[in-house]
Amino acid sequence: MTQNTDVARRLLALIDLTSLNPTDTEESVTALTALAVTPAGRVAAVCIWARYLEVARKCLGGTGVPVAVVANFPAGSADVGAAADETATAIAKGAAEVDVVFPYHAFLAGDEAT
């Protein structure tokens, strides 16, 4: 194995394979999950919309690749309670990771308490 191949294998394991397009479908998520495990190794996680969590978990079952979802995305709403609820629901449904968008609009408007 060359040094570049070794580096590429190590980097692959650090990358989240992500699709958060408004046009995503069950079919596109299924196709994405098919790319998660390669002869060179597997990605760190597959990150998708929470509504496709069950599809991705089914496709990735037994691969060791966790499913990550997003909450409060893309708006970064100031409703912290809603973001917490989204996060709790995703975890209850089996998400291994939830990336929560910080309420940046409120922060930029001077609301540092949110």
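So, here's what we can say about the structure. Quick caveat, the model's predicted, so the values are computed rather than measured.

## Regarding the pattern of salt bridges
And then number 1: A complete count under the given rule lists 1 salt bridge for this structure.
And then number 2: The salt bridge partner of Asp6 is Arg10, with a shortest N-O separation of 3.6 Å. Of this pair, Asp6 and Arg10 both sit in helix α1 (residues 3-12), 4 residues apart, roughly one helical turn.
And then number 3: Its relative accessible area of 52% is what places Arg10 among the exposed residues.

## With respect to helix α2 (residues 26-33)
Every α-helix carries 3.6 residues per turn, so stepping three or four residues along brings you back to the same face.
And then number 1: Buried within α2 are the following residues: Val29, Leu32 and Thr33. Projected down its long axis, α2 shows its buried positions confined to an angular sector of 95°, all on one face.

## Structural notes on the pairing of strand β4 (residues 45-48)
And then number 1: Residues Ala45 and Cys47 line one face of β4 and the alternating positions Val46 and Ile48 line the opposite face, and both faces are buried.
And then number 2: In terms of strand pairing, strand β1 (residues 16-18) meets β4 through 3 bridges, oriented parallel. Its bridge partner being in β4, Asp16 is matched across the sheet by Ala45.
And then number 3: Direction of pairing for β4 relative to strand β5 (residues 67-71): parallel, over a ladder of 3 bridges. Of the residues in β5, the one forming a bridge with Val46 is Val67.

Scoring rules and cut-offs
- Residues numbered from 1 in each chain as written.
- Predicted model: local features only at pLDDT ≥ 70, side-chain atom pairs only at ≥ 80, totals over all residues.
- Heavy atoms only, no water.
- Salt bridge = Lys/Arg side-chain N within 4 Å of Asp/Glu carboxyl O.
- Helix = DSSP H or I, 4+ residues; strand = E, 2+ residues; numbered from the N terminus.
- Buried < 20%, exposed > 50% of the residue type's maximum accessible area, 1.4 Å probe, protein only.
- Arc of directions from axis to C-beta.
- Pairing = 2+ DSSP bridges.

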